[in-house]
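Okay, here's what each chain looks like letter by letter:
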Amino acid sequence: MKALFEADRVQAAITIHAVDKAGFEDWQDTQLAIVRTLLSAQRFSGSPDTLAIVPSGDGWIAVAGVKDVSNLSTWCLAKAAESLPENSYRLATGAPGPAALGWLLAQYRFDRYQRDGLPTGPRTLLTPDPARIETVLREAEAVALVRDLVNTPASDMGPPELEAEAARLAKSGDAVLTVTRGEALATGYPMIDAVGRAAARNNAPRLIEIEWGNPAHPRVAIVGKGVTFDSGGLDIKPSSGMRNMKKDMGGAAHALALAQLIIQSRLPMRLHLLIPAVENAIAGNAFRPGDILTSRNGLTVEIANTDAEGRLVLADALTRAAELEPVLIIDFATLTGAARVALGPDLPAMFSNDDELANAALKAGLEQGDPLWRLPLHAGYAEMLKSDVADLNNAPEGGFAGAVTAALFLQAFVPPTTPWLHLDTFAWRPSSRPGQPKGGEAIGLRAVWQLLCDRFAR
């Protein structure tokens, strides 16, 4: 993406005038008559996500409609970045601010499987603030990584490929990679093993871990649900429910992207990344409804539904994370349909056992234009997780408060004194918007990245 965002050294470039509806008439009055006439002919009024091209002198200019010209948002120039021809551009008002990220991501394409991809040349945005370039590029590359990983079909994104992605990250950042599989997994992480053991041998379950940073710095654990495909297990999903289950590793994609940001930015913290990577498949050795699994921390879990598998693999990973006494645990997971029913695709359901942490995360999300929405860890619903034959039930009957009960299940594996943030995210865009194509999407990533910067960059 480096070719898309460069320092302005007064090189040749097309000027983009950002205008909003409130100020459009005043701006238009300062332009030549031919410009006003052509804008009128195009029925351009400064509405957000609209674009006009008009001649100016020996060349031409672009006029981009935005919501508020005094407060450019992340996606306000995305339509222009998608639509303008290959060239270099600069904003008439100077530095693009947050809009630079949307400019870069608007040019994202997932064309790995297209023989004849659309030929699109780079639209380069120039900035008079070169100090911000590397930061914006890192954030754009992290979002693109989430999109790439989630968009890749399960045939090419199984547990081995997640491991390979973690290995790439570890090598690039001089970090330590540890992978637990086979008998060691069955003994040490029995619920991860149980969920993934029915998969083909080449997609065998594993726990992927990365450690990076100075051991003297605060330890932070980042956990990502890595279910690379979810058939539902023996409680099989209908075909319509399986259609997009390649995205069930969206939590792992977010965790990997966040770890990449941490390492590339050299944030002063001791990072512990954990990804339980499994395929929830169907075979003769699949775990069954009615089975009782013993977790890594010793709690027993009655399996009421094999399609509530994500919380099982996260439970063992959270237990491992807590054993090393981090100052903070964060997990990302495409965990429940209930969260989507409640909040739709844009808002991750956020849960926390620490009010200060939750408020800081909400604030960071608003600042980044990547909002979160807090739901309660309502203790009264813990009784729904009771089992007659085990310590916990993995899927309460009745369907009430599904996102809450899933979070309460996870909370049982986090020490009450350890601040913990759980994001139940969709990781998917069901329809396209400027800069945000249909498909895999980072939702909540930038909010958590801002939270970590606020807490540890100082």
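First, a word on scope: everything that follows refers to the structure included in this document. (Residues numbered from 1 in each chain as written. Predicted model: local features only at pLDDT ≥ 70, side-chain atom pairs only at ≥ 80, totals over all residues. Heavy atoms only, no water.)

Quick look at the overall build of the protein
Threshold: Strands here are runs of E lasting at least two residues and helices are runs of H or I lasting at least four, both read from the DSSP assignment and numbered beginning at the N terminus. Working definition: with a 1.4 Å probe on protein chains only, accessible area under 20% of the residue-type maximum means buried, over 50% means exposed, and in between means partly exposed. Every residue pair with non-hydrogen atoms within 4.5 Å of one another is taken to be in contact. Per-residue accessibility takes into account occlusion by the displayed protein chains alone, with areas from the Shrake-Rupley method and a 1.4 Å probe. Only four residue types enter the charge count, namely Lys and Arg as positive and Asp and Glu as negative; His and the chain termini do not. For this purpose, a charge sits on NZ of Lys, CZ of Arg, CG of Asp or CD of Glu.
The number of helices and strands found in the protein is 15 helices and 20 strands. The principal-axis extents of the C-alpha atoms in the protein amount to approximately 80 × 50 × 45 Å. Here the protein, with 458 residues, has 55% of them falling under the buried criterion. When contacts within the protein are restricted to residue pairs at least 6 apart in sequence, long-range pairs at least 24 apart make up 76% of them. When the accessible surface of the protein is totalled, it reaches about 19,100 Å², and 51% of it is carbon and sulfur. The positive charge centre, built from 43 side chains, and the negative charge centre, built from 52, are 3 Å apart in the protein.

What about the packing of helix H10 (residues 250–265) against helix H15 (residues 445–456)?
As a reminder of what qualifies: The convention used is that axes are lines fitted to C-alpha atoms, helices contributing only their stretch in contact, and that angles between N-to-C directions extend from 0 to 180 degrees. Two helices that cross are described as forming a left-handed crossing if the nearer one is turned anticlockwise from the farther one by less than a right angle, and a right-handed crossing if clockwise. Residues are grouped as follows: nonpolar covers Ala, Val, Leu, Ile, Met, Phe, Trp, Tyr, Cys and Pro; charged covers Asp, Glu, Lys and Arg; every other residue, Gly included, is treated as polar.
Two elements in contact, H10 and H15, have axes whose closest approach is 10 Å; the angle formed by their N-to-C orientations is 35 degrees. Between H10 and H15 lies a crossing whose hand is right-handed. Where H10 abuts H15, its residues His254, Ala257, Leu258, Leu261, Ile262 and Ser265 lie against Leu445, Val448, Trp449 and Leu452. Looking at the contact of H10 with H15 residue by residue, the classes come out as eight nonpolar, two polar and no charged.

Focus: the environment of Lys171
With respect to the element layout, Lys171 can be found in helix H6 (residues 159–173). Remark: the alpha-carbon pair of Lys171 and Arg311, spanning 140 residues in sequence, is separated by 29 Å.

A few points about the sheet that holds strand S12 (residues 292–294)
Basically, it comes down to this: Strand pairing is assigned whenever DSSP identifies at least 2 bridges connecting the two strands.
Here we have three strands laid out as an open sheet, ordered S12-S13-S17, and mixed in their pairing. Only two strands of the sheet have a single neighbouring strand rather than two, namely S12 and strand S17 (392–393). The pairing of S12 with strand S13 (residues 300–302) spans three bridges and is antiparallel. Following the sheet pairing, Ile292 is matched in S13 by Glu302.

Things to note about the packing of aromatic side chains
The criterion, for reference: Any two of the Phe, Tyr and Trp rings considered here, Trp counted by its six-membered ring, make a pair once their centres fall within 6.5 Å; the pair's planes then place it as stacked at under 30 degrees, edge-to-face at over 60, or tilted in between.
Counting across every chain of the model gives six aromatic pairs. Three or more aromatic residues link up through ring pairs in this structure, and these residues are Phe24, Trp27 and Phe44.

A word on the packing of helix H5 (residues 133–151) against H15
Helices that pack against each other are described as a pair by the angle of their axes relative to one another and the distance between those axes. Threshold: The scheme is simple: roughly parallel for angles under 35 degrees, roughly antiparallel for over 145, roughly perpendicular for 65 to 115, oblique for anything else.
One way to put it is that H5 packs onto H15 with a least axis distance of 11 Å and a crossing angle of 140 degrees. Taken together, H5 and H15 sit at an angle that is classed as oblique. Like other packed secondary-structure pairs, H5 and H15 cross with a definite hand, here right-handed. Across the interface between the two elements, Glu139, Ala142, Val143 and Val146 of H5 pack against Leu445, Arg446 and Trp449 of H15. For the contact of H5 with H15, the class distribution of residues is five nonpolar, no polar and two charged.

What to know about unusual backbone geometry
In this structure, Ala401 takes a positive phi of about 50 degrees despite not being glycine. Here Ala401 lies in the loop between S17 and helix H14 (402–411). Phi angles above zero are rare outside glycine, and Ala427 is one such case at about 60 degrees. Mapping Ala427 onto the fold places it in the loop between strand S18 (420–424) and strand S19 (428–429).

Interpretation note: all reported values are geometric properties and have no functional meaning in isolation.
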